[in-house]
Amino acid sequence: MNETDHSTCQHCGAHVTDRFRRVFGDDEDRAHRCGDCDTYARLSRGSAVGIDVAVPDPETFEGRHGGEADA
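Owing to the predicted nature of the structure, the values given are computational and were not obtained by experimental measurement.

Caption draft 1: Local environment of the packing of aromatic side chains. Following the criterion strictly, the structure yields 2 aromatic pairs and no others. Pairing Phe20 with Phe24 gives two aromatic rings, centres 4.8 Å apart and planes at 35 degrees, and the pair type is tilted. Of this pair, Phe20 and Phe24 both sit in helix H2 (residues 18–24), 4 residues apart, which is roughly one turn of that helix. Taking relative accessible area as the criterion, Phe20 reaches 16% and is therefore assigned buried. Each residue in the set Phe20, Phe24 and Tyr40 is aromatic and connected to the rest through ring pairs, giving one cluster.

Cut-offs used in this document
Residues numbered from 1 in each chain as written. Predicted model: local features only at pLDDT ≥ 70, side-chain atom pairs only at ≥ 80, totals over all residues. Heavy atoms only, no water. Phe/Tyr/Trp six-rings, centres within 6.5 Å; stacked < 30°, edge-to-face > 60°. Helix = DSSP H or I, 4+ residues; strand = E, 2+ residues; numbered from the N terminus. Buried < 20%, exposed > 50% of the residue type's maximum accessible area, 1.4 Å probe, protein only.

Without other data, these values stay purely geometric and don't point to any function.
Shown next as structure tokens:
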């Protein structure tokens, strides 16, 4: 895998910095989630590594952590 592949979020394709990947990414410095598609609460618990975390995912739990609220 080349550097270009590592510089994007594996989930949404957004650009992620080298620092973000080193801090939050997996052992190969890949980010499985990023700040564009996930919350800091989830990222800090391991979602960027690819771990399933207990904090609700903003993509599947609308109205939570920036998701669209129910009308």
